[in-house]
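What follows is the residue order along each chain.
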Amino acid sequence: MSDADQDILQDGPMDAVITWVDGDDLAHKAKRARYLGVASAPLHENGINPHRWANSDEILFCLRSIEANAPWVRRVWIVVDGQGPDLSSLSAAITAKITLVDHRHIFRGFETSLPTFNSLAIESMLWRIEGLSDRFLYFNDDVFLTAPIVPSDMFWDGSPVLRGKWVDLSPMVASTKSRADPALFNHFMQMNAALEAGFDLTRVFVAAHVVHPFSRPVMKQLFASRSVAFCANISHRFRDINQFSPQALHNHACLAMGRAVTEKTRDYIHLRGAGAVDSEAAHGALLAAVAGDVRFLCVNDLPHLTSLVPDARELIARAVAPLDYSVIRRSEVSATVGASIISARR
């Protein structure tokens, strides 16, 4: 690591936060079905697709990638809903960094919003993890590091480094068809965030599916100054078209303050779900990740990818930790796994 990156860490550590759920867990399925059954209004298709809660042990790739490619990360916080992934196959070094954090902890004082099955609501509260570093990296569990990164890849001169592009989303506003399309749901989340931050919809920064750098003080200030908007955002138990993306609000707020850097290089690959890519393209993308041609890989649907590329798991394992890889097989979920868990009573 360069002296400049050492200096960045001298300004304070960086943690990683990962959100995780196992939608096949019987208790979770029953709870989810109960609240789906009492929904007072029709729910958006994007918010109730069972794939949203699917678990194929992607988190093990995610954690191995942090250990191999960002060993300078101080702690790893996994946000869970009364569950926990089986981490027994991981090394002692990365396991020692892990703490499980229950939804009840980050929603303290806002318990009426629980239980929640809504990633946008959960992301609204991540900054409330007790002990979290002021600068942190937010991972979905299907996002992996496929090459070494250093602190300056994520924060430059104190500002988050954002990956994505500026887009004119204004034509979508009046389109009923677009609002109903689950594939375009994320655009509306970005639009709502941009409007909340005072941006025009002709120029919205749409973030890529990568690791997202967050400033905890910025999120704390946004929550305080927009408490009504945040309370509305966390009130939806399932994703709703009227919500905003907390990550997008953070990004636009930082951009408005002149405290964000946009990365010009496309150093990521996003492999979407069924119908988005054929087997040849998927295989080529995985080989690029293995070669270290990109730093970030997002795999939205690992079972589908495996149907296209039978050795996808082995290729991902090689990409995230080339010096020590093994094929990750599906494991049973454990709520303990030797990692500590913060309870709501702490």
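Not measured: the values here are computed from a predicted model.

Notes on the pattern of salt bridges
Applying the stated criterion to the full structure yields seven salt bridges. Put simply, arginine 104 and aspartate 102 hold a salt bridge, and the shortest N to O gap is 2.8 Å. The buried category is assigned to aspartate 102, whose relative accessible area is 2%. Note that aspartate 267 is salt-bridged to arginine 295, the shortest N-O span being 3.6 Å. Residue aspartate 267 is located in the loop between β11 (261–262) and β12 (268–271), and its partner arginine 295 is located in the loop between α13 (279–290) and β13 (296–299); the two are separated by 28 residues in the primary sequence. Taking relative accessible area as the criterion, arginine 295 reaches 27% and is therefore assigned partly exposed. Taken together, the shared-partner salt bridges connect Asp153, Arg163, Asp267 and Arg295 into one network.

Digging into the packing of helix α9 (residues 185–196) against helix α12 (residues 246–256)
Axis separation between α9 and α12 bottoms out at 8 Å; the angle between their running directions is 40 degrees. When the interaxial angle is binned, α9 and α12 end up oblique. Helix-helix and strand crossings are classified by hand; for α9 and α12 the assignment is right-handed. Contacts between α9 and α12 pair Gln190, Ala193, Ala194 and Glu196 from the former with Gln247, Ala248, Leu249 and His252 from the latter.

A closer look at the packing of α13 against helix α15 (residues 312–320)
Two elements in contact, α13 and α15, have axes separated by 8 Å at closest approach and are oriented at 25 degrees. Classified by the angle between their axes, α13 and α15 sit roughly parallel to one another. As for the relative orientation of α13 and α15, their crossing is left-handed in sense. When α13 is examined against α15, the residues His283, Leu286, Leu287, Ala289 and Val290 are found in contact with a partner set consisting of Ala312, Leu315, Ile316, Arg318 and Ala319.

Section: the nonpolar core
Counting residues in hydrophobic clusters, the biggest one holds 56 residues, and the most contacted among them are Val76, Ile78, Leu305 and Ile316. The residues contacting valine 76, other than those within four sequence positions of it, are Ala16, Ile18, Leu63, Ile66, Ile94, Lys97, Ile98 and Thr99.

Some points on unusual backbone geometry
A cis amide bond links leucine 114 to the next residue, proline 115, at an omega of 0 degrees. Among the structural elements, proline 115 can be located in the loop between α6 (103–106) and α7 (119–123). Look at aspartate 57: it is not a glycine, yet its phi comes out positive at around 65 degrees. Within the element layout of this structure, aspartate 57 appears in the loop between α3 (45–48) and α4 (58–69). Residue aspartate 57 is classed as buried on the basis of its relative accessible area of 5%. Phi at aspartate 157 is positive, roughly 55 degrees, even though this residue is not glycine. Tracing the backbone shows aspartate 157 in the loop between β6 (155–156) and β7 (159–162).

Section: the confidence of the model for the chain
Averaged over all residues, the pLDDT of the chain is 91; the fraction at 70 or higher stands at 93%. pLDDT under 50 marks residues 326–346. Its contacts with residues more than four places away, or in other chains, come to 50 contacts.

Some points on the sheet that holds β7
Here we have three strands laid out as an open sheet, ordered β6-β7-β11, and mixed in their pairing. The open sheet has two edge strands, β6 and β11, and neither has a second partner. Relative to β11, β7 runs parallel, the two being bridged by two bridges. When the bridges of β11 are listed, leucine 162 appears paired with threonine 262.

So, the side chain of lysine 31
With respect to the element layout, lysine 31 can be found in helix α2 (residues 26–37). Classification of lysine 31 by relative accessible area gives buried; the value is 19%. Within the structure, lysine 31 has its side chain in polar contact with the side chain of aspartate 81 (distance 3.1 Å). Other than its neighbours up to four places away in sequence, lysine 31 contacts Asp81, Pro115 and Phe117.

Brief notes about the side chain of threonine 116
Tracing the backbone shows threonine 116 in the loop between α6 and α7. Reaching out from threonine 116, the side chain makes a polar contact with the backbone nitrogen of asparagine 118 at a distance of 3.3 Å. Excluding residues within four positions of it along the chain, threonine 116 makes contact with Asp81, His103, Phe107, Ala121, Ile122, His236 and Arg237.

Examining the packing of aromatic side chains
Taken as a whole and assessed by the stated rule, the structure comprises 12 aromatic pairs. Plain terms: the ring middles of phenylalanine 230 and phenylalanine 244 are 5.2 Å apart, the flat faces sit at 85 degrees to each other, and that makes the pair edge-to-face. With a gap of 14 residues between them, phenylalanine 230 in helix α11 (residues 227–234) and phenylalanine 244 in the loop between α11 and α12 connect regions that are remote in the sequence. In this arrangement the basic side chain of arginine 135 is found over the ring face of phenylalanine 155, its NZ or CZ atom lying 5.8 Å from the centre. The ring centre of tryptophan 166 lies 3.9 Å from the NZ or CZ of arginine 203, which sits over that ring.

Cut-offs used in this document
- Residues numbered from 1 in each chain as written.
- Predicted model: local features only at pLDDT ≥ 70, side-chain atom pairs only at ≥ 80, totals over all residues.
- Heavy atoms only, no water.
- Salt bridge = Lys/Arg side-chain N within 4 Å of Asp/Glu carboxyl O.
- Buried < 20%, exposed > 50% of the residue type's maximum accessible area, 1.4 Å probe, protein only.
- Helix = DSSP H or I, 4+ residues; strand = E, 2+ residues; numbered from the N terminus.
- Axes fitted to C-alpha atoms, helices over the stretch in contact; angles between N-to-C directions.
- Parallel < 35°, antiparallel > 145°, perpendicular 65-115°, else oblique.
- Left-handed = near helix turned anticlockwise from the far one by under 90°.
- Contact = heavy atoms within 4.5 Å.
- Core = buried A, V, L, I, M, F, W, Y, C linked by side-chain atoms within 4.5 Å.
- pLDDT = per-residue confidence, 0-100.
- Pairing = 2+ DSSP bridges.
- Polar contact = N/O pair within 3.5 Å; in protein donor to acceptor, adjacent residues only side chain to side chain.
- Phe/Tyr/Trp six-rings, centres within 6.5 Å; stacked < 30°, edge-to-face > 60°.
- Lys NZ or Arg CZ within 6 Å of the ring centre and 35° of its normal.

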